[in-house]
Every structure is written in structure tokens, then in C-alpha cells.
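Residue-level listing of the chains:
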Amino acid sequence: MKLIDGKAVAEEIKIHWKQEVIEYKNKSGRVPHLAAILVGDNAASESYVGNKVKSCAQVGFQSTLIKMESDVTEEELLDEIEKLNNDQDIDGFIVQLPLPKHIDEVKVILAIDYKKDVDGFHPVNFGRMAQGLPCYLPATPYGITLLLERYNIETSGKHVVVVGRSNIVGTPISILLSRKSPAGDATVTLTHSRTKNISIIVSRADIVISAIGIPNFITEDMIKEGAVVIDVGINRIEDETMAKGSRLVGDVDFNRVKNKCSFITPVPGGVGPMTVMGLLLNTFKSAKKEIYS
Ligand code: NAP
């Protein structure tokens, strides 16, 4: 078994990038700038946004964090989005999900100017992705394809089983991997909570990608000998041996599955750091006007 070390790959990309960012700054006289809106005080969201801000500093990007109270109205949030849409200094921005229940996430995503939608959630970017047109790829699927490429994992002709069909991970990664493109050309089965005989379907996969948010859902018996396992799930479970009383795990029973597969991503340190890289790559593309003018 080989560990797919997303943390190390993200560090490699950051080092490789530093010079390119310096050259961009010297040539353009400006600094790539990412903004993030964080609503409420969800500890996981705070930690994700914190990592994004830290990574911006590491590659020489500017970042702006806008914190809003959990009782912010939808209108106030939409006003803030409009300000960022019109701010010439901001190359791209994200609204960290999930949002409090009284705010309509779809309305919020639709309000973001697709040219600044560096999370790749807006239907314009999603539609362009589905048609293989230049766009901001959704950050997590983008990060997964970078990992597959970095570890020379062949996807062409392989059977990929994706577990989970969210708009931000499961559905877009299933589209990307089935497209006629590098890190594509796979035969993809997209599964979800209504799928029957899911264990049997997963056990036939050459590559399994799990994004459901249930600890230990993917067990050893579901994995074909030598399969590749990409664990997107981030779940906090109780663990009294840890100082915090808890720890993060993925959807995969890592300790058992690792003995059976050829490659596996750990949680933490697998897909998570590459999601941040996907976001920063999109922001840099926006600064350079590579996708949209
Ligand atoms: P989500 O919106 O939470 O949806 C979960 C998906 O899992 C749904 O499609 C659901 O099916 C499916 N599902 C739930 N129970 C299932 C079961 N028993 N069998 C089969 N499918 C089942 O998904 P998400 O936002 O993609 O998040 C999934 C996980 O990935 C979470 O742990 C999240 O924290 C993590 N995540 C990690 C990253 C990262 O950077 N590493 C990024 C994003 C998300 P239905 O559609 O039928 O309800």
C-alpha cells in the first residue's frame, strides 16, 4: 500500500509556485487576492477557513476574511457578496458552507459572480465543467484529480465508484472522471443513499471515492485487492486518548482497508490540503484572467 500524501503534495505545489507568484506580482504590480465570508461560529468551518487564509500567506497571496454573525440576514449576506463582486481588488471569493438554516444556500451561490467563483460552485462553472469548457473546477474534485495525476494513477478505462452525490464533491468528481480528458476516461458509477447493494458495487471498483460523511462506512470487505481508495469524508469522533477528547477520521476504515488497497488517502492529510490548493489555483487563474477576461 502506498499513502497518497496530500499534505506533502500541497507543500510541493506551494514551493513550486512561489517564484511564479513573485513573477506575476512584478509584472502586474498587484497581488492575487482571495476573500472568504464566514457566517456564524461553526468550529469546523472556522478551521477550514483558517487553513485557507494561512495557505494564502504561504504562497504570497493576500486574503480577506469577512466574519458575519450567525443571525445575519440573507439580505445582509447578499449585500456583502455584491460588494465583493464589484471590488476590483478581489480576484475570487468563497462563502464557507454550510450556512445557517434561515439562509438559502442556492440563492447565495447564484449571487456570486461566476468570474469570481473560485470554489467552482456556480452553475455557470459547473455547466462549463460538464461540457469540458474552461472554468473554475470545484475545489475538492480539482484537488482529487491533481492527486491522481501526481501519483500517476491511471483512470482511463478504470471502473470508478463514487459514494455520495453532493453538488460539491460526488457529482462533479463523477463527471470529471468520466470526461474525455487527462485524469478522466473512466467508467463511473455514482452511488448514494438509495443505491441498493452498495457493498457489492464498491467491491467491483478499481478506484473508490467516498464523500458521504459516515465514519468507517467503507470496510475492508468492500475493497477489491489492489484498488485505489480516495477518502473525502471528514468526521469528528470521540476519542478519550486525545487531548481534545476527539479526532478526525474519514469514511474509510483506514487501518483495515490500507492492507488491501494499492493507494489510499489518509484523513487528515489527504484530500483536505488539496482542496485548499484547488481553491488557490483557481484564485491565481482568476488573477491572471486565464479563464474569463
Ligand atoms: P453531503 O452534502 O453531506 O451529502 C452526503 C452524500 O452522501 C449524499 O449524496 C448522500 O446520499 C450520501 N449518503 C449518505 N448516507 C449514505 C449511505 N448510507 N450510503 C450511501 N450514500 C450515502 O456531502 P458532501 O458535502 O460532499 O460531504 C461529504 C463528506 O465529505 C463530509 O464528511 C464532508 O465533511 C467531507 N468533505 C470533505 C472535503 C475535503 O476537502 N476533504 C470537502 C468537502 C466535503 P443522498 O444524496 O441520497 O442523500
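Definitions and cut-offs
The numbering scheme is per chain: residues are counted from 1 as the chain's sequence reads. Local features in a predicted model are, by the rule used here, given only for residues with pLDDT of at least 70; side-chain atom pairs are given and counted only at 80 or more, and totals for whole chains, interfaces and linings are based on all residues. Only hydrogens and water are removed before side-chain values are computed, so all heavy atoms of the structure are retained for them. Strands here mean DSSP runs of E at least two residues long; helices mean DSSP runs of H or I at least four residues long; both are numbered from the N terminus. This radius of gyration counts C-alpha atoms alone. The globule rule is 2.2 Å times how many residues there are, raised to the power 0.38. To sort residues, take the accessible area from a 1.4 Å probe on protein chains only and compare it with the maximum for the residue type: under 20% means buried, over 50% means exposed, and anything in between is partly exposed. What makes two residues a contact is simply this: any of their non-hydrogen atoms within 4.5 Å. Here, Shrake-Rupley sampling with a 1.4 Å probe gives the accessible areas, and only protein chains in the shown set may cover a residue. We score Asp and Glu as negative and Lys and Arg as positive, and we do not count His or the chain ends. Charged groups are reduced to one reference atom each: NZ for lysine, CZ for arginine, CG for aspartic acid, CD for glutamic acid. Nearness is defined per residue: one heavy atom within 4 Å of the molecule or strand is enough. In protein, a polar contact requires one atom able to donate a hydrogen and another able to accept it; more generally it is a pair of N or O atoms within 3.5 Å, and residues adjacent in sequence count only if both atoms are side-chain atoms. Residue type decides the class: Asp, Glu, Lys and Arg count as charged, Ala, Val, Leu, Ile, Met, Phe, Trp, Tyr, Cys and Pro as nonpolar, and the leftover types, Gly among them, as polar. Between the N-to-C directions of two axes lies an angle of 0 to 180 degrees, each axis being a line fitted to C-alpha atoms and, for a helix, fitted only over the stretch in contact. For this classification, under 35 degrees means roughly parallel, over 145 means roughly antiparallel, 65 to 115 means roughly perpendicular, and everything else is oblique. Less than a right angle of anticlockwise turn of the near helix away from the far helix marks a crossing as left-handed, whereas a clockwise turn marks it as right-handed. Each Phe, Tyr or Trp ring (for Trp, its six-membered ring) is paired with any other whose centre lies within 6.5 Å, and the angle between the two planes then decides the class: stacked below 30 degrees, edge-to-face above 60, tilted in between. As a reminder, the over-ring test applies to NZ of lysine and CZ of arginine, requiring each to be within 6 Å of the ring centre and within 35 degrees of the ring normal. In this scheme, patches are assembled from residues that exceed 30% relative accessible area and form no salt bridge. Like charges are connected within 9 Å, while nonpolar side chains (Val, Leu, Ile, Met, Phe, Trp, Tyr) are connected within 5 Å. One speaks of a salt bridge when a side-chain nitrogen belonging to Lys or Arg is within 4 Å of a carboxyl oxygen belonging to Asp or Glu.

Asker: How should I be thinking about the overall build of the protein in this particular structure?
Answerer: Across its full length, the protein carries 10 helices and 11 strands. Whereas a compact globule of 293 residues would reach a radius of gyration of roughly 19 Å, the protein reaches 19 Å, a difference of no more than 12%. Referenced to the eigenvectors of the C-alpha coordinate spread, the extents of the protein come out at roughly 50 × 40 × 35 Å. Across the 293 residues of the protein, 50% fall into the buried class. For the protein, contacts bridging at least 24 residues in sequence account for 70% of all contacts bridging at least 6. For the protein, the exposed surface amounts to about 14200 Å²; the carbon and sulfur share of it is 50%. For the protein, the separation between the mean place of its 34 positive charges and that of its 37 negative charges on side chains is 6 Å.

Asker: Hey, could you run me through the site of the ligand in this one?
Answerer: As a matter of local geometry, the ligand sits amid 21 residues, with Arg165, Ser166, Ser193, Ile234 and Thr275 nearest to it. The contact in question runs from an oxygen atom of the ligand to an N or O atom on the backbone of Ile234, over 3.0 Å. Between Thr275 and the ligand, the recorded distance is 2.7 Å, taken from a side-chain N or O atom to an oxygen atom. Considered on its own, the ligand offers 920 Å² of accessible surface; in the complex 70% of this is hidden by protein. By residue number, the principal contributor to the shell around the ligand is helix α10 (residues 271-287), which donates three residues. Of the residues belonging to the shell around the ligand, the class tally is 10 nonpolar, 10 polar and one charged.

Asker: Would you take a moment to explain the packing of helix α2 (residues 43-59) against α10 for this structure?
Answerer: Describing two packed helices takes the angle between their axes plus the distance from one axis to the other. Put simply, α2 and α10 touch, their axes get as near as 10 Å, and they point 55° apart. The orientation of α2 relative to α10 falls into the category oblique. For the element pair α2 and α10, the recorded crossing hand is right-handed. Contacts between α2 and α10 pair Asn51, Lys52, Ser55, Cys56 and Val59 from the former with Val276, Leu279 and Leu280 from the latter. Of the residues that constitute the contact of α2 with α10, the class distribution is five nonpolar, two polar and one charged.

Asker: Sorry, what's going on with the environment of Cys56 here?
Answerer: Tracing the chain through its elements places Cys56 in helix α2. Each C-alpha atom, one on Cys56 and one on Ile207, is 31 Å from the other, the two residues being 151 residues apart in sequence. Sequence-distant contacts of Cys56, defined by excluding residues within four places in its chain, comprise Leu34, Phe61, Gln62, Ser63 and Leu280.

Asker: Sorry if this is basic, but what is going on with the packing of aromatic side chains here?
Answerer: The geometry of two aromatic rings is summed up by the distance between their centres and the angle between their planes. What the rule picks out here adds up to seven aromatic pairs. Geometrically, the ring pair formed by Phe61 and Phe284 is tilted, given 5.8 Å between the ring centres and 45° between the ring planes. Here Phe284 lies in helix α10 and Phe61 lies in the loop between α2 and β3 (62-68), a separation of 223 residues in the sequence. With respect to burial, Phe61 and Phe284 carry one shared label: buried. Plain terms: the ring middles of Tyr151 and Phe263 are 6.2 Å apart, the flat faces sit at 70° to each other, and that makes the pair edge-to-face. Remark: Phe263 occurs in strand β11 (residues 263-264) and Tyr151 occurs in the loop between α6 (139-150) and β5 (159-163); sequence separation between them is 112 residues. Of the two residues examined, Tyr151 and Phe263, each falls in the buried class. What links up through ring pairs into an aromatic cluster is the set Trp17, Tyr24, Phe61 and Phe284. Lying across the ring of Tyr151, Arg150 places its NZ or CZ 5.5 Å from the centre.

Asker: Would you mind showing me how to read helix α7 (residues 170-178) here?
Answerer: For the α-helix, the turn length of 3.6 residues means that residues three or four positions removed from each other point alike. Counting buried positions over the nine residues of α7 gives eight, a clear majority of the element. When we look at burial in α7, the residues that qualify are Gly170, Thr171, Pro172, Ile173, Ser174, Ile175, Leu176 and Leu177.

Asker: Would you mind going over the side chain of Asp239 with me for this structure?
Answerer: Along the chain, Asp239 falls in the loop between β9 (235-238) and β10 (246-249). With near-sequence residues (within four places) excluded, Asp239 lies in contact with Gly245, Ser246 and Arg247.

Asker: Would you mind showing me how to read unusual backbone geometry here?
Answerer: With glycine set apart, most residues show a phi of negative sign, and most peptide bonds adopt trans. Looking along the chain, the bond that leaves Leu97 and enters Pro98 is cis, with omega of 0°. Across the junction of Val267 and Pro268, the peptide omega takes the value 0°, indicating a cis bond. Locating Pro268 in the fold gives a position in the loop between β11 and α10. Here the phi dihedral of Asn152 falls at roughly 50°; this positive angle occurs in a residue that is not glycine. The residue Asn152 is located in the loop between α6 and β5 in this model. You can call Asn152 exposed: its relative accessible area is 69%. Despite not being glycine, Asn216 shows a phi value in the positive range, around 60°. Relative to the elements of secondary structure, Asn216 occurs in the loop between β7 (207-210) and β8 (228-231). Taking the relative accessible area as the measure of exposure, Asn216 reaches 46% and is therefore partly exposed.

Asker: Hey, could you run me through a negative patch on the surface in this one?
Answerer: On the surface, Asp41, Glu46, Glu69, Asp71, Glu75, Glu76, Asp79 and Glu82 cluster together into a patch of negative charge. Per-element tally for the negative patch: the top contributor is helix α3 (residues 74-86), with four residues. Note on placement: Asp79 falls in helix α3.

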